[in-house]
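Take a look at the letters that make up each chain.
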Amino acid sequence: IHMTEYRAIYKCRLCGEEYVSAITGSADMAIKNMVVITAECDSGQRILNPVTKLSMHSCKDGSMGLADFLGFRKVEN
């Protein structure tokens, strides 16, 4: 079975690591998340666990970094 998923990718400003925060199988859900993130005002979109522009990251050396949301990476399985 051919499946597509969209992975929410973040990158830590401190250590540079990229990591996956969430996964959805729906391009529509990925787009809705992007609309909520980029909207200057309430877009009316309601998402159960939306991705955020910034996230805390626990670096491998024990440091605590700030990570930026980069986007949704399409992955074919």
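Note that this is a predicted model, so its numbers are computed, not measured. (Residues numbered from 1 in each chain as written. Predicted model: local features only at pLDDT ≥ 70, side-chain atom pairs only at ≥ 80, totals over all residues. Heavy atoms only, no water.)

Peer 1: Residues and numbers for helix 1 (residues 27–38), please.
Peer 2: Between the first and last C-alpha of helix 1 there are 17 Å, a value that for 12 residues agrees with the 16 Å anticipated at 1.5 Å per step. Those residues of helix 1 that sit buried are Ala30, Asn33 and Ile37. Each buried residue of helix 1 sits inside an arc of 60° when the element is viewed along its axis, so together they form one side. Each element contacted by the buried residues of helix 1 is listed here: strand 1 (4–12), strand 2 (18–24) and strand 4 (64–76). (Helix = DSSP H or I, 4+ residues; strand = E, 2+ residues; numbered from the N terminus. Expected span 1.5 Å × (residues − 1). Buried < 20%, exposed > 50% of the residue type's maximum accessible area, 1.4 Å probe, protein only. Arc of directions from axis to C-beta. Contact = heavy atoms within 4.5 Å.)

Peer 1: I'd love a proper account of the packing of aromatic side chains, names of residues and values included.
Peer 2: Tallied over the entire structure, the rule returns three aromatic pairs. For the ring pair Tyr10 and Tyr19, a centre distance of 5.8 Å and an interplane angle of 20° mean the geometry is stacked. A relative accessible area of 18% places Tyr19 in the buried class. The structure contains a cluster of three or more aromatic residues connected by ring pairs, namely Tyr10, Tyr19, Phe69 and Phe72. (Phe/Tyr/Trp six-rings, centres within 6.5 Å; stacked < 30°, edge-to-face > 60°.)

Peer 1: Would you mind going over the environment of Ala8 in detail, with residue names and values included?
Peer 2: Mapped onto the fold, Ala8 is located in strand 1. Along the sequence, Ala8 and Ser21 sit 13 residues apart, while their C-alpha atoms lie 5.5 Å from each other. With residues up to four places along the chain from it excluded, the contact list for Ala8 reads Tyr19, Val20, Ser21, Ala22, Val51, Phe69, Gly71 and Phe72.

Peer 1: Which residues make up the nonpolar core, and what values go with them?
Peer 2: Tyr6, Ala8, Tyr10, Tyr19, Ala30, Ile37, Val51, Ala67, Phe69 and Phe72 together form the largest nonpolar core, which totals 10 residues. Those elements that provide at least two residues to this core are strand 1, helix 1 and strand 4. What Phe69 contacts, discounting residues up to four positions off in sequence, is Ala8, Ile9, Tyr10, Met34, Ile37, Val51, Thr52 and Lys53. (Core = buried A, V, L, I, M, F, W, Y, C linked by side-chain atoms within 4.5 Å.)

Peer 1: Pulling in residues and values, what's your account of the side chain of Thr24?
Peer 2: For Thr24, the location among the structural elements is in strand 2. Classification of Thr24 by relative accessible area gives buried; the value is 16%. Here the side chain of Thr24 touches Ser26 through a polar contact of 3.2 Å, landing on its backbone nitrogen. Excluding anything up to four places from it in sequence, Thr24 contacts Glu5, Tyr6, Met29, Ala30 and Phe72. (Polar contact = N/O pair within 3.5 Å; in protein donor to acceptor, adjacent residues only side chain to side chain.)

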